[in-house]
Amino acid sequence: MTDSAPDAVTGAMTDAVAGARHESHGDARNDEKRRRKAMMIRAVIYIAATHLWAGFMILVFSLGKH
């Protein structure tokens, strides 16, 4: 007595992997673009925050000098 369920599962897994490979090129490009955009946004936020902090420190030290 053989069970056809393992064959069905194996076939479904093979189809899923083949579909994932086919879609992976477009998804990889979109993922790379999304990561690059997120990195640029994070860099702008860090640069702006650093400049605000530096400006605040300059203000604190200039007011402390007087």
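Residues numbered from 1 in each chain as written. Predicted model: local features only at pLDDT ≥ 70, side-chain atom pairs only at ≥ 80, totals over all residues. Heavy atoms only, no water.

Undergrad: Before we go on, may I ask you to explain the pattern of salt bridges in this structure?
TA: One side chain can pair with another of opposite charge once the charged atoms of both are near each other. Under the definition given, this model contains three salt bridges. As a salt-bridge pair, arginine 36 and glutamate 32 come within 3.5 Å of each other at their nearest N and O atoms. One end of the pair is arginine 36 and the other is glutamate 32, both in helix H1 (residues 5-65) and four residues apart, which spans about a single turn. Glutamate 32 gets classed as partly exposed once you look at its relative accessible area, which sits at 42%. If you follow the salt bridges from partner to partner, you end up with Asp31, Arg34 and Arg35 in one network. (Salt bridge = Lys/Arg side-chain N within 4 Å of Asp/Glu carboxyl O. Helix = DSSP H or I, 4+ residues; strand = E, 2+ residues; numbered from the N terminus. Buried < 20%, exposed > 50% of the residue type's maximum accessible area, 1.4 Å probe, protein only.)

Interpretation note: all reported values are geometric properties and have no functional meaning in isolation.
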